[in-house]
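Each chain, written out:
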Amino acid sequence: QVQLVESGGGLVQAGGSLRVSCAASGSIFSTNVMGWYRQGPGKQRELVATITSGGSTNYADSVKGRFTISKDNAKHTVYLQMNSLKPEDTAVYYCYANLRATFSRWLADYWGQGTQVTVSS
């Protein structure tokens, strides 16, 4: 079994900051990519940021310069520091991991349950 557990969401005023965290636990052999997606009200789920095991990062254009993704490989944990938040950042933020479990020969995608981030104007 592999689980992704997010924490750190909440309510913040526009211009404020939040940090969300996601810890992967269970039978993990190795992680390939970890990251964050979000789904706003009435919108499709979209990529926010990803980070590879080697530290390469990728960001959505809408968050570049405001959000920073980082990770702790030893703890299988990924963080998203969100600064200069805007009302349009309001969404459920989902943790994502592409990893290999000890019980599998293959990489597979895993998702967290999501954490709500609400930015008030």
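Residues numbered from 1 in each chain as written. Predicted model: local features only at pLDDT ≥ 70, side-chain atom pairs only at ≥ 80, totals over all residues. Heavy atoms only, no water.

**Some words on the sheet that holds strand β7 (residues 67–72)**
Two strands in a sheet stick together by hydrogen bonds in their backbones, pointing the same way (parallel) or opposite ways (antiparallel). Strands sit in the order β1-β3-β8-β7 across an open sheet of four strands; the sheet is antiparallel. Each of the sheet's edge strands pairs with one partner strand only, and the pair in question is β1 (2–7) and β7. The mean inter-strand angle of the sheet, taken between neighbouring strand axes irrespective of direction, is 15°. As paired elements, β1 and strand β3 (residues 18–26) share six bridges and run antiparallel to each other. Across the sheet, residue Glu6 finds its bridge partner in β3, namely Cys22. (Pairing = 2+ DSSP bridges. Helix = DSSP H or I, 4+ residues; strand = E, 2+ residues; numbered from the N terminus. Axes fitted to C-alpha atoms, helices over the stretch in contact; angles between N-to-C directions.)

**With respect to the packing of aromatic side chains**
Counted by the stated rule, this structure contains three aromatic pairs. Aromatic pair Tyr37 and Tyr96: ring centres 5.7 Å apart, planes at 70°, arrangement edge-to-face. Of the two residues, Tyr37 sits in strand β4 (residues 28–39) while Tyr96 sits in strand β9 (residues 91–101), which places them 59 residues apart along the sequence. For Tyr96, a relative accessible area of 12% translates into the label buried. With a centroid separation of 5.1 Å and an interplanar angle of 70°, the aromatic rings of Tyr37 and Trp111 are classed as edge-to-face. Here Trp111 lies in strand β10 (residues 107–111) and Tyr37 lies in strand β4, a separation of 74 residues in the sequence. Put simply, the rings of Tyr37, Tyr96 and Trp111 pair up and form one aromatic cluster. (Phe/Tyr/Trp six-rings, centres within 6.5 Å; stacked < 30°, edge-to-face > 60°. Buried < 20%, exposed > 50% of the residue type's maximum accessible area, 1.4 Å probe, protein only.)

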